[in-house]
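Residue strings, one per chain:
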Amino acid sequence: MRATAAGAIAARRAAAAANMKPLQQQQQQQHGASTLFALLSLSLLLLRLLLRLRLAAFRDAALSLHLLARLRLRPVHLRLPGAHGATTLRVWCPASPSRKPPLLLLHGFGGDAKWTWARNLPRLARHFHVYAPDLVFFGAHSRSGSPLRSVAFQARCAADAMRLLGVPRYDVAGISYGGFVAYRMAAVEARDCIDRVVVMTSGVAATPAEMRDMAAREERTVEEALLPKTADGLRLLVRRSMHRPPPWMPDFVLDDFIKLMCVDQRKERAELLQELLKSGAGIDPLPVLTQETLILWGDKDRVFPIDLAYRLQRHLGEKCRLEIIKDAGHALQLEGAEHVNRFIKSFLLDARNEPEAGMGQK
């Protein structure tokens, strides 16, 4: 009887296992079909954008796909604390933990995080746990009901985001407007959290009066220059920002970029510009940072003259290192990407083992 019962149990188990195999195969087929459907949907979207000559929108979708699939960065939407209105910040974050040192990247007025750091993230993500937020009022997701437009407000939002993400200490790099925010964070809002600072082509050392004088010498208002409404206006901005601008900039591509980057929240960004001209970093006098600082500048910068780089170096003293990149304009992270990536890695990683190496003017 026992043998018969045991045989019956074994037979039932074998039958169950036989029945499970088709079920598992069916589930695997369904999962594969779902993945294939998602890829086909994204491919069709990209093709539709391309056929409609929405090249900027196509590029934007391709950048998102690259960050998600290749660099393993994911967008996180953070609701920030504060009594001045609801604020949401989108941050591109690593999808999984690592032992790499954290690095916060802050963009300028030329676009959001994806577009600004497109030529830097692939290399920097190899060595750093990268966090790249869209600053408040930039991109489609970083928004606020607050009336504040100061650099201090942006710095506080970025510092709050890093706290919410559970990052107690990190390095920070900012370009142009992002350089003002990075400097302010290192001096005030995140002074005890930031180890090292990288400031790129940022007029931090200029007084607000000097910046207003520079803006007054332009033929257009600062809003027209940095938030263009027409293809001609954007073409002028690109040629002003780059030493070697693209030779082919057709109107339909520029118009598409304007729709993508310069329309939504334009009023708020114009107010950011006015506040920047009024107050600069919002610290008077400008403090000397306690952190080691790297300054990167293009020798052909036509937005912030190179004299401001040397002035900032003199202001910061022995803890500062200045690197001038040849044949690069204000869009330094694009035109001099290889140099920028190498200098950031060297300063933030290699120089930590050699505290005295490389400090001072190049």
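Residues numbered from 1 in each chain as written. Predicted model: local features only at pLDDT ≥ 70, side-chain atom pairs only at ≥ 80, totals over all residues. Heavy atoms only, no water.

A. Spotlight on the overall build of the chain. Scanning the chain for helices and strands turns up 14 helices and 10 strands. Across the 362 residues of the chain, 47% fall into the buried class. At a minimum sequence separation of 6, the contacts of the chain that also span at least 24 residues come to 75%. Carbon and sulfur atoms make up 56% of the accessible area of the chain, which amounts to about 18500 Å² in all. (Helix = DSSP H or I, 4+ residues; strand = E, 2+ residues; numbered from the N terminus. Buried < 20%, exposed > 50% of the residue type's maximum accessible area, 1.4 Å probe, protein only. Contact = heavy atoms within 4.5 Å. Areas by Shrake-Rupley, 256 points an atom, 1.4 Å probe, with all protein chains shown as cover.)

B. How the structure looks around the side chain of Glu 223. Tracing the backbone through its elements, the reader meets Glu 223 in helix α8 (residues 222-226). Arg 266 provides the closest opposite charge to the buried, unpaired Glu 223, separated from it by 7.3 Å. Each residue touching Glu 223, except ones within four places of it in the same chain, is listed here: Pro 228, Arg 266, Ala 270, Leu 273 and Gln 274. (Lys, Arg positive; Asp, Glu negative; His and termini not counted. Salt bridge = Lys/Arg side-chain N within 4 Å of Asp/Glu carboxyl O.)

C. Structural detail: helix α11 (residues 266-279). The terminal C-alpha atoms of α11 lie 20 Å apart, and with 14 residues this matches the ideal 20 Å at 1.5 Å per residue to within 8%. Of the residues making up α11, those classed as buried are Arg 266, Arg 269, Ala 270, Leu 272, Leu 273, Leu 276 and Leu 277. Along the axis of α11, the buried positions cluster into a sector of 150°, meaning they face one direction only. Of the residues in α11, the exposed ones pointing more than 90 degrees away from the buried face are Lys 267 and Lys 278. Where α11 is buried, its residues contact α5 (151-164), α6 (177-189), α7 (208-216), α8 and α10 (251-261). Among the residues trailing α11, Gly 280 stands out with phi positive, at a value near 60°. (Expected span 1.5 Å × (residues − 1). Arc of directions from axis to C-beta.)

D. Up close: the layout of surface pockets. Approximately 270 Å³ is the volume attributed to the second largest pocket. Lining the second largest pocket are 15 residues, and of these Ala 206, Thr 207, Pro 208, Ile 283 and Leu 286 sit closest to its centre. (1 Å grid on protein atoms, 1.4 Å probe; cavity = no way out; pocket = protein on both sides within 12 Å on 5 of 7 lines; lining within 4 Å. Points joined across faces, edges and corners; volume = space filled by probe spheres on them.)

E. Inspection of the packing of α7 against α11 at higher detail. Between α7 and α11, the shortest axis-to-axis distance is 6 Å and the interhelical angle comes to 125°. One finds that α7 runs oblique with respect to α11. From α7, Pro 208, Met 211, Arg 212 and Ala 215 reach across to α11, where they touch Leu 276, Leu 277, Lys 278 and Ser 279. (Axes fitted to C-alpha atoms, helices over the stretch in contact; angles between N-to-C directions. Parallel < 35°, antiparallel > 145°, perpendicular 65-115°, else oblique.)

F. Up close: the side chain of Glu 335. Relative to the elements of secondary structure, Glu 335 occurs in helix α13 (residues 332-335). Within the buried core, Glu 335 has no salt-bridge partner, and the shortest N-O distance to an opposite charge, that of Arg 244, equals 4.4 Å. Here Gly 329 takes part through its backbone nitrogen, which lies 2.8 Å from a polar atom of the side chain of Glu 335. (Polar contact = N/O pair within 3.5 Å; in protein donor to acceptor, adjacent residues only side chain to side chain.)

G. Highlighting the pattern of salt bridges. Evaluated as defined, the whole model comprises 16 salt bridges. A salt bridge links Asp 251 to Arg 235; its shortest N-O distance comes to 2.5 Å. Here the residue Asp 251 occupies a position in helix α10, and Arg 235 occupies one in helix α9 (residues 231-241), the gap between them amounting to 16 residues. Taking the shortest distance from any N to any O, the salt bridge between Lys 267 and Glu 271 comes out at 2.7 Å.

H. Looking closely at the packing of aromatic side chains. The final tally for this structure, using the stated rule, is six aromatic pairs. Measuring from ring centre to ring centre gives 5.0 Å for Phe 109 and Tyr 177, while their planes differ by 70°; the resulting arrangement is edge-to-face. Highlighted residues: Phe 109 in the loop between β3 (102-106) and α3 (113-116) and Tyr 177 in helix α6, separated in sequence by 68 residues. Of the two residues, Phe 109 and Tyr 177, both sit in the buried class. Ring centres of Trp 248 and Phe 252 lie 6.3 Å apart, and the angle between their planes is 70°; on these two criteria the pair is classed as edge-to-face. Judged by its relative accessible area of 33%, Phe 252 is partly exposed. Put simply, the rings of Phe 109, Phe 138 and Tyr 177 touch in pairs and so form one group of aromatic residues. Seen from the ring of Phe 347, Arg 196 lies directly overhead, with NZ or CZ sitting 4.9 Å from the centre. (Phe/Tyr/Trp six-rings, centres within 6.5 Å; stacked < 30°, edge-to-face > 60°. Lys NZ or Arg CZ within 6 Å of the ring centre and 35° of its normal.)

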